[in-house]
There are 2 protein chains.
Amino acid sequence: MSNYLEWDFLTDFVEKAFSAYGVPEDDVKICADVLLQSDKKGIESHGVNRFKPIYIDRIKDGVQNPVTDFEIIRETPTTAVVDGHDGMGQVIAHHSMKVAIEKAKKYGMGMVAVRNSTHYGIAGYHTDMAADAGCIGMSGTNARPSIAPTFGVENKLGTNPLTVSFPTDEPFHFSLDCATSIIQRGKIELYAREGKDTPAGTVIGRDGSALTDSNQILHDLQTGEAALAPLGGIGEELSGYKGYGYATIVEVLSAALQQGSFLSMLTGIGENGEKTKFHLGHFFIAIDTEAFMGLDSFKKTAGDIMRELRSSQKAPGAERIYTAGEKEYLIWQEREKTGLPVNESVQKELIAIRDDAGLVDFRFPFED
Amino acid sequence: MSNYLEWDFLTDFVEKAFSAYGVPEDDVKICADVLLQSDKKGIESHGVNRFKPIYIDRIKDGVQNPVTDFEIIRETPTTAVVDGHDGMGQVIAHHSMKVAIEKAKKYGMGMVAVRNSTHYGIAGYHTDMAADAGCIGMSGTNARPSIAPTFGVENKLGTNPLTVSFPTDEPFHFSLDCATSIIQRGKIELYAREGKDTPAGTVIGRDGSALTDSNQILHDLQTGEAALAPLGGIGEELSGYKGYGYATIVEVLSAALQQGSFLSMLTGIGENGEKTKFHLGHFFIAIDTEAFMGLDSFKKTAGDIMRELRSSQKAPGAERIYTAGEKEYLIWQEREKTGLPVNESVQKELIAIRDDAGLVDFRFPFED
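The structure presented is a predicted model; accordingly, all values stated were derived computationally and were not measured.

All names here are of chain B. Strand 6 (residues 162–166) sits mainly inside the fold: five of its five residues count as buried. The side-chain alternation of strand 6 yields two buried faces, one formed by Leu162, Val164 and Phe166 and the other by Thr163 and Ser165. Bridging between strand 5 (residues 135–141) and strand 6 involves four bridges; their strand directions are antiparallel. Bridge pairing in strand 6 places glycine 140 opposite leucine 162. Bridging between strand 6 and strand 7 (residues 174–176) involves three bridges; their strand directions are antiparallel. If you follow serine 165 over to strand 7, its bridge partner there is serine 175.

With that out of the way, let us pick up the sheet that holds strand 7 (residues 174–176) of chain A. All names here are of chain A. Overall, mixed pairing links the seven strands, which are arranged 2-3-4-10-5-6-7 in an open sheet. Each edge of the open sheet carries a strand with a single partner, namely strand 2 (71–75) and strand 7. Between one strand axis and the next, the sheet turns by 15° as a mean value, whatever way the strands run.

Let us now look at the nonpolar core. Counting residues in each nonpolar core, the largest one holds 104 residues, and the members touching the most others are Ile136, Phe166, Ile285 and Ile287 of chain A together with Ile136, Phe166 and Ile287 of chain B. The residues contacting isoleucine 136 of chain A, other than those within four sequence positions of it, are Ala130, Val164, Ser165, Phe166, Ile285, Ala286, Ile287, Thr289 and Phe298 of chain A together with Leu253 and Leu257 of chain B. Within the second largest apolar cluster, 54 residues are counted, among which are Ala93, Val112, Tyr125 and Val346 of chain A.

Between chain A and chain B, the residue contacts involve 93 residues of the former and 93 residues of the latter. Counting the surface lost from both chain A and chain B, the interface buries some 7700 Å², and carbon and sulfur atoms represent 72% of this. Across the chain A-chain B interface, the total number found is four salt bridges. The partner of glutamate 236 of chain B in a salt bridge is lysine 327 of chain A, and the shortest N-O contact between them spans 2.8 Å. Viewed at the interface, chain B and chain A are joined by 42 residue pairs in polar contact (both at pLDDT 80 or more). Residue contributions to the side of chain A that touches chain B peak at 11 residues, all from helix 8 (residues 240–253) of chain A. Along the lines of polarity and charge, the residues of the side of chain A that touches chain B split into 52 nonpolar, 25 polar and 16 charged.

Let us now look at the environment of asparagine 215 of chain A. All names here are of chain A. Assignment of secondary structure puts asparagine 215 in helix 7 (residues 214–223). A residue is classified by how much of its surface remains accessible, and asparagine 215, at 54% relative accessible area, is exposed. Spatially, the C-alpha atoms of asparagine 215 and glutamate 189 are 7.9 Å apart, while their sequence positions differ by 26 residues.

Moving on, we get to the pairing of strand 5 of chain B. All names here are of chain B. Counting buried positions along strand 5 yields seven of seven residues, so the element is predominantly enclosed. Neither face of strand 5 is exposed, since Cys135, Gly137, Ser139 and Thr141 on one face and Ile136, Met138 and Gly140 on the opposite face are all buried. Taken together, the seven bridges between strand 5 and strand 10 (residues 280–288) define a ladder with antiparallel strand orientation. Of the residues in strand 10, the one forming a bridge with threonine 141 is histidine 282.

Residue and element names in this part refer to chain A. Under the domain assignment used here, chain A contains domain 1 (1–61 + 343–368), domain 2 (64–179 + 234–324) and domain 3 (183–228). Taking only C-alpha atoms, the centre of domain 1 and the centre of domain 2 are 24 Å apart. With 21 residues of domain 1 in contact, the opposing surface of domain 2 contributes 21 residues. With both chains or domains summed, domain 1 and domain 2 bury close to 1800 Å², and 65% of this area falls on carbon and sulfur atoms. In terms of surface lost to domain 2, no three residues of domain 1 exceed Val34, Tyr55 and Arg58, which account for 33% of the buried area on that side. In this assembly, domain 1 and domain 2 are joined by two salt bridges. Note that lysine 275 is salt-bridged to aspartate 61, the shortest N-O span being 3.0 Å. In this assembly, domain 1 and domain 2 are joined by six residue pairs in polar contact (both at pLDDT 80 or more). Among the elements of the structure, helix 2 (25–40) and helix 3 (51–60) are those that each provide at least two residues to the side of domain 1 that touches domain 2. Looking at the side of domain 1 that touches domain 2, the element that brings in the most residues is helix 2, giving seven residues. Looking at the side of domain 1 that touches domain 2 residue by residue, the classes come out as 11 nonpolar, four polar and six charged.

What follows is about the relation of the copies chain A and chain B. By a simple turn and slide, chain A fits onto chain B: the slide is 0.0 Å along the axis, the RMSD is 0.0 Å, and the turn is 180°. Such values leave the two copies arranged in the relation of a two-fold axis. Taking C-alpha positions as the reference, the residue of chain A nearest the rotation axis is glycine 232 of chain A, at 2.5 Å. Of the interface residues in chain A, 100% have counterparts in chain B that sit at the interface too, so the contact is made through matching surfaces.

Right, let's talk about the packing of helix 6 (residues 185–193) of chain B against helix 7 (residues 214–223) of chain B for a bit. Residues and elements named next belong to chain B. With their axes 8 Å apart at the nearest point, helix 6 and helix 7 run at an angle of 145° to one another. Read as a crossing pair, helix 6 and helix 7 show a hand that is left-handed. For the pair helix 6 and helix 7, contact is made by Arg185, Ile188, Glu189, Tyr191 and Ala192 and by Ser214, Asn215, Ile217, Leu218, Leu221 and Gln222, respectively. By residue class, the composition of the contact of helix 6 with helix 7 is six nonpolar, three polar and two charged.

This structure, assessed with the given rule, holds 28 aromatic pairs over all chains. Ring centres 5.0 Å apart and planes at 70° place the aromatic pair phenylalanine 18 of chain A and phenylalanine 51 of chain A in the edge-to-face group. Taken together, the positions of phenylalanine 18 of chain A in helix 1 (residues 7–20) and phenylalanine 51 of chain A in helix 3 put the pair 33 residues apart, joining distant regions of the chain. Classification of phenylalanine 18 of chain A as buried rests on a relative accessible area of 0%. With a relative accessible area of 0%, phenylalanine 51 of chain A lands in the buried category. When the centroid spacing of 4.5 Å and the interplanar angle of 5° are considered together, the rings of phenylalanine 166 of chain B and phenylalanine 174 of chain B count as stacked. When sorted by exposure, phenylalanine 166 of chain B lands in the same class as phenylalanine 174 of chain B, which is buried. One aromatic cluster in this structure is built from Phe9, Phe13, Phe18, Phe51, Tyr55, Phe362, Phe364 and Phe366 of chain A. One Lys or Arg, lysine 327 of chain A, reaches over the ring of tyrosine 322 of chain A and ends 4.9 Å from the middle of that ring.

Cut-offs and rules
- Residues numbered from 1 in each chain as written.
- Chains lettered and ligands numbered in written order.
- Predicted model: local features only at pLDDT ≥ 70, side-chain atom pairs only at ≥ 80, totals over all residues.
- Heavy atoms only, no water.
- Buried < 20%, exposed > 50% of the residue type's maximum accessible area, 1.4 Å probe, protein only.
- Helix = DSSP H or I, 4+ residues; strand = E, 2+ residues; numbered from the N terminus.
- Pairing = 2+ DSSP bridges.
- Axes fitted to C-alpha atoms, helices over the stretch in contact; angles between N-to-C directions.
- Core = buried A, V, L, I, M, F, W, Y, C linked by side-chain atoms within 4.5 Å.
- Contact = heavy atoms within 4.5 Å.
- Buried area = accessible area lost by both parts, 1.4 Å probe.
- Salt bridge = Lys/Arg side-chain N within 4 Å of Asp/Glu carboxyl O.
- Polar contact = N/O pair within 3.5 Å; in protein donor to acceptor, adjacent residues only side chain to side chain.
- Nonpolar A, V, L, I, M, F, W, Y, C, P; charged D, E, K, R; others polar.
- Domains from an automatic or database assignment.
- Least-squares fit on C-alpha atoms with pLDDT ≥ 70 in both.
- Left-handed = near helix turned anticlockwise from the far one by under 90°.
- Phe/Tyr/Trp six-rings, centres within 6.5 Å; stacked < 30°, edge-to-face > 60°.
- Lys NZ or Arg CZ within 6 Å of the ring centre and 35° of its normal.

Okay, structure coming up:
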């Protein structure tokens, strides 16, 4: 019995399952690729662990539509505004970044602002698309209220990733894909599983205190009695206002350009406690390096910067200095050979999907 | 005897002094406005306290040229690469953002990448120019090596601000102008003057420890025995890799697009300890809100987001929740009436410039 799944097998299963719930053929490829890219990079918080709760269950609950109606409602040479009509976020994001890249290739830069979308997977997938095309890619999205503003205790801003990728002359892109909070729920779940406290300063209670009891935090985040601290922490001493500021920028770029929803509109819960559509907003920017001094010289200089950073003096006890995207590349080097390790909770969800979708041809190795 | 200087008087003095050291008439206006905008907003680290050491002394030392040769070396509809030929950073930045805004007004977006520049003042001045024009403005610059990468102890990256402004329907712009380190040297100088320790986690020593002795830190930063921690702190526990990542993005956008200098090339000190030109790089982005759903609706939604954040539940003991740019606006409301308070150290520098430049008509109130 193995808890490892081979990539071809897993891809086939995820595609057929998306298909079974009504996602059209072309879109299935995109949805599966975004989902599994996360697992390939070791970002387990956004991989198959989310397949059932964030995608399949939401389609079944009618909170998002399996068929994506991608509508460009306004367009200029370099910009577009898209209404996603509550379709598949990964598909909306993929098409949007494609439009931004096409505009960048023609005019030097491109930007697409999206409204009425749903969870778009890892932001880095989309910014990496731009890097693949020789562009600098930027993206962000708003999300359910989680972060409290500096001097506040109420969850207001989403974890609002501010994500950037660009190519270098190394075998992997620079890719910084991170929330503007210090940590996210997934990390606290990990601390709880390991029986560890959550580091002080990452979560704030309604009384303004730094919460550390991981199980209590998971409960309080659910009820809104706790909120995540922005990057930089609670208050101003360690410059929490900077993370708060970046989270706010992402919120505005995800709502004001496209006249979409924001902050407390994004709870996903209606007046009577019912599940409602999220109406998320995103933005996608592509900047063509060829419109400046050229791709090759850009890649060389970017690579030189990475190498100088990595070869600088390490802290005593530190094994190495990484640059963004490097750890994910190293994990993929390993996982390409081994396949994906899947824990028991995810195993159960995959079996549940298989049975519910009637995909009788699939039998998982961990069932043997 | 007053230590307050009236704005008209101070502006006149700064302009005549820049002029006396060879800055041409039109450029003098820009240089003075950038410098004093900082004092008007209460960002004293970048105001007249820097007039002598960062601008006048550097002109006198031949490290930067008072006459700016602003050369566009490559251009497309939306982008331009500028060589600043070691002229006045404020002037180079002003012209660059103007070009970016013009391109944005025509094509929706504009970006200018600059090499061989010098200190450009507060980044927020330039991004506010974009906001004044109804655009989203973004800017960053590299700088002398100060920040150590995560798991490193060597000062490598500049304090590399990642700055964003945009208009709202309120009387002031949203304007987040901040370094990607937690704090900067100016703040540590303040702690030292107040006899306070520097918060643990903001500065790292070569032995990997968190330094807190403010006077020792100021010495060690000078010798390179200490380095600033990125936003998020030392190590990964509070996500220091995110601030490190953002600092790296700014370094790359300030060097790779324009084929300019970076990291250890930017010490300003030559092989034999002599002062050398800095060859800084910057970038400027303007995104026209009119290319999306329009300026008015953008301002309204952005304002709504600010108001919802400020009216959310405050931490016990917190007087109010601010949004970026608000504190600076409130300070200007006050200072517009009072003029600028100038401390003794700056008073001496202003007198020294006056005497050196032979501006005999100026007599400061603090001399009475």
